[in-house]
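Each chain is listed here by its residues.
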Amino acid sequence: TAEDASAGMGRFSPEPWLPQLLSPRGLALAAALLLLVLFLRTRRTRRPGEPPLVKSWLPFIGEALKLQRDPIGFMTTLQKQYGDIFTVLLGGKYITFILDPFQYQSVIKNQKLSFRGFSNKVLLRVFSIKKLVEDDAMNDELHTCYQLLQGRHLDMLMENTMQSLKQVFEPQLLKTTSWHTESLFTFCNSVIFEMTLTTVYGSILLGHRKTFITELKDDFFKFDGKFTQLASGMPIELLGNIKSIRLKLIKLLTTENLAKFQGWSEVVQRRQDILEKYYLPQDIEIGAHHLGLLWASVANTAPTMSWTMYYLLRNPEAMAVLRDEIDHLLQSTGQKKGPGFSIHLTREQLDSLVYLESTILESLRLSSFSSTFRFVQEDLTLHLEAQDCCLRKGDFVGVFPPILHYDPEIFEAPEEFRFDRFVENGKKKTTFFKRGKKLKYYLMPFGFGISKCPGRFLAVVEIKQLLVILLTYFDLEIIDDKPVKLNFSRSLFGIQHPDSDVSFRYKVKS
Ligand code: HEM
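Analysis parameters
- Residues numbered from 1 in each chain as written.
- Predicted model: local features only at pLDDT ≥ 70, side-chain atom pairs only at ≥ 80, totals over all residues.
- Helix = DSSP H or I, 4+ residues; strand = E, 2+ residues; numbered from the N terminus.
- Rg over C-alpha atoms; globule rule 2.2 N^0.38 Å.
- Buried ≥ 20, exposed ≤ 12 C-beta atoms within 10 Å, placed from the backbone.
- Contact = placed C-beta atoms within 7 Å.
- Pairing = 2+ DSSP bridges.
- Axes fitted to C-alpha atoms, helices over the stretch in contact; angles between N-to-C directions.
- Near = placed C-beta within 6 Å.
- Nonpolar A, V, L, I, M, F, W, Y, C, P; charged D, E, K, R; others polar.
- Expected span 1.5 Å × (residues − 1).
- Parallel < 35°, antiparallel > 145°, perpendicular 65-115°, else oblique.
- Left-handed = near helix turned anticlockwise from the far one by under 90°.
- Arc of directions from axis to C-beta.

Trainee: I keep staring at the overall build of the protein chain and nothing clicks. Help me out?
Mentor: Within the protein chain one finds 23 helices and 16 strands. For a compact globule of 510 residues, the expected C-alpha radius of gyration is about 24 Å, and the protein chain comes in at 26 Å, within 12% of that figure. Projected onto the principal axes, the alpha-carbon positions of the protein chain cover approximately 95 × 65 × 50 Å. Residues classed as buried in the protein chain amount to 32% of the 510 residues present. Expressed as a percentage of contacts within the protein chain between residues at least 6 apart in sequence, the contacts between residues at least 24 apart total 76%.

So this is what it looks like as structure tokens:
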């Protein structure tokens, strides 16, 4: 009856204290209480033999925000307070950082510290690759492909890169000699994406090639923009339309669609053969593996190219030395800068350009904020020079090379871009010191040990080829004078992006 109903409603009518609790003050109080409970429940205490534990008041997030705001300042402060080894909570994970470069070796050598325990999680979260977690045999086989990015295989990749550069720039070289204005970082992303896609996956056999690449590129960079969030474990459902963009990218790289690319590199061919052994050919997860490789080959190369160009454009002296170095090489190899696209340089010739290489390394030094992580599979003791250090199962161990890259004892005036930092007596400089001792590790944008980037030679060679073409055929000028800074949203994960873009212009040399 109506009476029963109203009586029933009465039973469920809000308690008198509920409006107060739902007020802003009440909600704030409830949130604070929840945080307190979380904090007390998850608070960890240091066990004997473990490294100092950094105190943090925010549950789960820990010190992540401070790290993101100013990574070098944050790490240096902790180093002063706790020493070269400490454990800190970052985004739900306890990470023990080892900051002394002379101790890195003990992390590399310890078999119980696992790279896969870290990387498989990232591959699952970011690319939705599930099988690697359970299939070690496939993982091992896929790793063997990486040798196809190096040695004589690299020479073949270089040929592909040159063809791709020709495709990108030849039409422009034959055009008029008026200035083109572009946004620098957007321009570099675009060129590196197209070059790398064609080098690694081949040319696209479609009438609307340009539109296809542009669409793929735009989706790729939207997806890449959420990389850190995905890698840190944020559910993809909370990231707007990224889930559907990822699916679209994965589908474009499945077995069926890969057939639309002609001239796959050896690494892609071998990878596809292996994947077809472990999956049905039509399995969509094959596309996820290819997206992973495409991401690895573009995501850090593009910002490295951008920073190198940016620093060069702002340092006319460096630009002049590089133009001179390249001119000399072209002359000594009998290559004239005639009209059209005719340059051909071998790997050895590119490697002889020491100032060009130094400029790229210096840009990497300033912009790389990668950390190398290992997963602690079981409680263990790490034997270090000065002390033993107990590590807890389920934690991570990290080295953080940017602290070396910005160490004034190793690199004088580390904040400054000095294009010739890595040249000594006309040769590549490889000797750097700390505490009077020669360093084995002083520049580590590519990680170390078992997980060291297998694409590092390709990345550097690709950037060198592109710069040789740009500096040989074009006049280049920066238009905006405002300085660009790193935005640190990718702290711990690779090359940082700029906090804004800047305009530059280029025209074919007359
Ligand atoms: C300047 C550009 C690049 C930078 C800074 C860079 C950096 C890195 C870093 C820091 C790692 C992880 C190392 C670790 O965790 O210890 C890595 C892994 C990897 N990189 Fe690169 N990379 C670059 C370009 C490339 C290119 C062009 C490729 C070509 C395919 C590539 C393929 C890979 C692959 C496949 C892995 C995973 C290796 C594994 O799972 O063991 N990278 N890279």
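Back to the write-up after that little detour.
Trainee: Would you mind showing me how to read the sheet that holds strand β4 (residues 180–183) here?
Mentor: In a beta sheet, neighbouring strands pair by backbone hydrogen bonds and run either parallel or antiparallel. In spatial order, the strands read β4-β16-β15; together these three strands make up an open sheet with antiparallel pairing. Each end of this open sheet is capped by a strand with a single partner; those strands are β4 and β15 (474–478). Put simply, the sheet's adjacent strands are angled 25° from each other on average, direction ignored.

Trainee: I keep staring at the site of the ligand and nothing clicks. Help me out?
Mentor: Taken together, 24 residues lie around the ligand, and Asn300, Gly447, Ser451, Cys453 and Gly455 are the ones closest in. Those elements that provide at least two residues to the shell around the ligand are α17 (285–298), α18 (301–314) and α23 (456–473). Tallying contributions element by element places α17 first for the shell around the ligand, with three residues. Residue composition of the shell around the ligand, grouped by class: 11 nonpolar, 12 polar and one charged.

Trainee: I would appreciate a short explanation of helix α11 (residues 184–201) in the present structure.
Mentor: Owing to its 3.6 residues per turn, the α-helix aligns residues three or four sequence positions apart on the same side. For α11, with 18 residues, the first-to-last C-alpha span of 25 Å sits near the 26 Å given by 1.5 Å per residue. Along α11, 15 of the 18 residues are buried, which leaves the element largely enclosed by surrounding structure.

Trainee: It is not clear to me how the packing of helix α10 (residues 152–173) against α23 should be interpreted in this structure. Could you clarify?
Mentor: Angle between the axes and distance between the axes: these two values describe a pair of packed helices. Where α10 meets α23, the closest approach of the two axes is 10 Å, and the angle between their N-to-C directions is 30°. By the criterion of interaxial angle, the relationship of α10 to α23 is roughly parallel. By crossing handedness, the relation of α10 to α23 is classed as right-handed. For the pair α10 and α23, contact is made by Leu154, Leu157, Met158, Thr161, Met162, Leu165, Phe169 and Leu173 and by Phe457, Leu458, Val461, Glu462, Gln465, Leu466, Ile469 and Tyr473, respectively. Counted by class, the contact of α10 with α23 contains 13 nonpolar, two polar and one charged residues.

Trainee: Is there a simple way to think about the sheet that holds strand β10 (residues 396–399) in this case?
Mentor: Taken in spatial order, the five strands make up an open sheet running β1-β2-β10-β7-β3, and their pairing is mixed. Both outer strands of the open sheet, β1 (85–90) and β3 (113–114), are each paired with one neighbouring strand and no more. Both β3 and strand β7 (residues 372–376) contribute to a ladder of two bridges, which runs antiparallel. Counterpart to leucine 113 in the pairing with β7 is valine 376. Docked against the sheet, helix α7 (residues 116–127) engages β3, β7 and β10, running at close to 105° with respect to β7.

Trainee: How do you make sense of unusual backbone geometry when you look at a structure like this?
Mentor: Negative phi characterises most residues that are not glycine, and trans characterises most peptide bonds. Of note, phenylalanine 60 is a non-glycine position whose phi angle comes to about 60°, a positive value. Looking at the secondary structure, you find phenylalanine 60 in the loop between α3 (24–42) and α4 (64–69). You will see that phenylalanine 488, though not glycine, has its phi angle at about 60°, which is positive. The residue phenylalanine 488 is located in the loop between β15 and β16 (503–508) in this model.

Trainee: Would you mind going over helix α14 (residues 242–252) with me for this structure?
Mentor: Burial in α14 covers these residues: Ile242, Arg246, Leu249, Ile250 and Leu252. Each buried residue of α14 sits inside an arc of 160° when the element is viewed along its axis, so together they form one side. Contacts made by the buried residues of α14 are with α12 (209–224), α15 (255–258) and α17.

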